Amino acid sequence: MAQAYTAETGNGAARTPTGSLAGRLGGLLPARWREERGIWRRGIVLAVCAVLIALLMALHARIPNRIGNLGSLTETFLPWFGVLVVLIAVAAVLRRSATALIAVLLPLIVWLNLFGGLLTGKSAAAADVGRGDLTVATHNVNADNPDPAGTAQDVAASGADVLALQELPAGQVATYEEALADTYRYHAVEGTVGLWSKYPLTGTSPVDIKMGWTRAMRATVAVPGGDVAVYVAHMPSVRVKLEAGFTANQRDNSADALGEAIARERVDRVVLLGDLNGTMNDRSLNAVTSQMRSTQGAAGDGFGFSWPAAFPMARIDQIMVRGVEPVASWTLPRTPSDHLPIAASVAL
């Protein structure tokens, strides 16, 4: 069968069949690229890297946690793989490699499949729905916060009806209580976590998350639209150690305990507020994330990263719901803490 070929270039470049896939894709490249020798042979290493990144993102759930919790570490920073995709694309352009430029489409498609929904603004949709029935906020205030009163007032200024605080030092609880007294009539503190509310609180109790001391609680908030069970939690911190990798076993055990407590909850409407030291992508939080929705994922704009406050790289502070509809979700201005406060509005 006869086959058409591109004209041979003046510098002796190899001919490319115009009927082949390479020929059709080559037609999309700039003319000066098509005239160069080796545009398909250059950038093989970049192309391989692109394919490997695509596989890591697509198969992240299969990366084992047996060695240093490598799977959870990957999932914690999974959105940042998009930066690697951009860097490879830029390198492919500078290298004038058609192979690498086409290969980078694979990780780009995988990344958009995972996170593309977070790039679309949901504010307009939230405006159509209207303001929710309940606005909640949560903040890890940092035990070493130099201005606890100012931090409390800044977060209260968000207009939240219900406010959860974590990492409350025993010696500063009174300071937070005094700073929030004018805004919130009801409050309860259990261990190092606390809940402040404009509506009555009942059924307040600590939640055992297997830490040996209290870092989680629940309470029923009597909202005009009906009762809401509110959980406040501060999961154990995770560490990245050279000799042990990503150590998160205690966090994982606490997440399982919290998930069991929420699963037993008898109130239909449930809101979880807190620092979970993990993202929604982290498989180790499945006991919680499998039964609740992220307000940021459902009604927020962008990724809503909350930590570290100086340069947020991950959303480890979470607002999750069950039995209520997220209307909007957003990040609040920075305080002296190393976490950003976050807030959400929900419809009952």
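Residues numbered from 1 in each chain as written. Predicted model: local features only at pLDDT ≥ 70, side-chain atom pairs only at ≥ 80, totals over all residues. Heavy atoms only, no water.

1. Let's talk about the sheet that holds strand S14 (residues 342-347)
Consideration 1: The strand order across the open sheet formed by 6 strands is S3-S4-S2-S1-S14-S13, and the pairing between neighbours is mixed. Across the chains shown, the open sheet's two edge strands, defined by having one partner strand only, are strand S3 (186-190) and strand S13 (325-331). In this sheet, neighbouring strand axes are inclined to one another by 15 degrees on average, regardless of whether the strands run parallel or antiparallel.
Consideration 2: Both S3 and strand S4 (residues 193-197) contribute to a ladder of 5 bridges, which runs antiparallel. Pairing of Val189 across the sheet is with Gly194, part of S4. (Pairing = 2+ DSSP bridges. Helix = DSSP H or I, 4+ residues; strand = E, 2+ residues; numbered from the N terminus. Axes fitted to C-alpha atoms, helices over the stretch in contact; angles between N-to-C directions.)

2. Section: the packing of aromatic side chains
Consideration 1: Scanning the model with the defined rule gives 6 aromatic pairs in all.
Consideration 2: Aromatic ring contacts, followed pair by pair, group Trp80, Trp111, Phe115, Phe303, Phe305 and Phe311 into a single cluster. (Phe/Tyr/Trp six-rings, centres within 6.5 Å; stacked < 30°, edge-to-face > 60°.)

3. Brief notes about helix H10 (residues 173-180)
Consideration 1: Looking only at H10, the buried set comprises Val173, Tyr176, Ala179 and Leu180. The buried residues of H10 all sit within an arc of 130 degrees when viewed along its axis, so they share a single face. (Buried < 20%, exposed > 50% of the residue type's maximum accessible area, 1.4 Å probe, protein only. Arc of directions from axis to C-beta.)

4. A closer look at unusual backbone geometry
Consideration 1: With an omega of -10 degrees, the peptide bond running from Trp307 to Pro308 counts as cis.
Consideration 2: Mapping Pro308 onto the fold places it in the loop between helix H13 (295-299) and strand S12 (317-322).
Consideration 3: Here Arg96, not a glycine, exhibits a phi torsion of approximately 55 degrees, which is positive.
Consideration 4: Positive phi, normally seen in glycine, also occurs at Asn277, with a value near 50 degrees.
Consideration 5: Residue placement: Asn277 occurs in the loop between strand S10 (270-275) and helix H12 (286-289).
Consideration 6: For Asn277, a relative accessible area of 11% gives the class buried.

5. Some thoughts on the sheet that holds S10
Remark on secondary structure: sheet strands pair via backbone hydrogen bonds, oriented parallel or antiparallel.
Consideration 1: Pairing is mixed across the open sheet formed by 6 strands, whose spatial order is S5-S6-S7-S10-S12-S11. Bordering the open sheet on either side are strand S5 (201-206) and strand S11 (293-294), each of which pairs with just one other strand.
Consideration 2: As judged from the 8 bridges shared by strand S6 (residues 216-223) and strand S7 (residues 226-234), these two strands associate in the antiparallel manner. Note on S7: the bridge partner recorded for Thr220 is Ala229.

6. Some words on the environment of Asp133
Consideration 1: If you trace the backbone, Asp133 turns up in the loop between helix H8 (123-129) and strand S1 (134-140).
Consideration 2: With 191 residues separating them in the primary sequence, Asp133 and Val324 have C-alpha atoms 9.8 Å apart.
Consideration 3: Aside from chain neighbours lying at most four places away, what touches Asp133 is Asp161, Val346, Ala347 and Leu348.
Consideration 4: Separated by 2.7 Å, the side chain of Asp133 and the backbone nitrogen of Leu348 make a polar contact. (Contact = heavy atoms within 4.5 Å. Polar contact = N/O pair within 3.5 Å; in protein donor to acceptor, adjacent residues only side chain to side chain.)

7. Things to note about the pattern of salt bridges
Consideration 1: Taken as a whole and assessed by the stated rule, the structure comprises 6 salt bridges.
Consideration 2: Among the salt bridges present, the one from Lys210 reaches Asp208, with a minimum N-O distance of 3.6 Å.
Consideration 3: Residue classification places Lys210 among the exposed positions, given a relative accessible area of 54%.
Consideration 4: Residue Asp252 is joined to Arg251 by a salt bridge in which the shortest nitrogen-to-oxygen separation is 2.8 Å.
Consideration 5: According to the relative accessible area criterion, Arg251 is buried, its value standing at 0%.
Consideration 6: Members of the salt-bridge network, linked through shared partners, are Arg251, Asp252 and Asp282. (Salt bridge = Lys/Arg side-chain N within 4 Å of Asp/Glu carboxyl O.)

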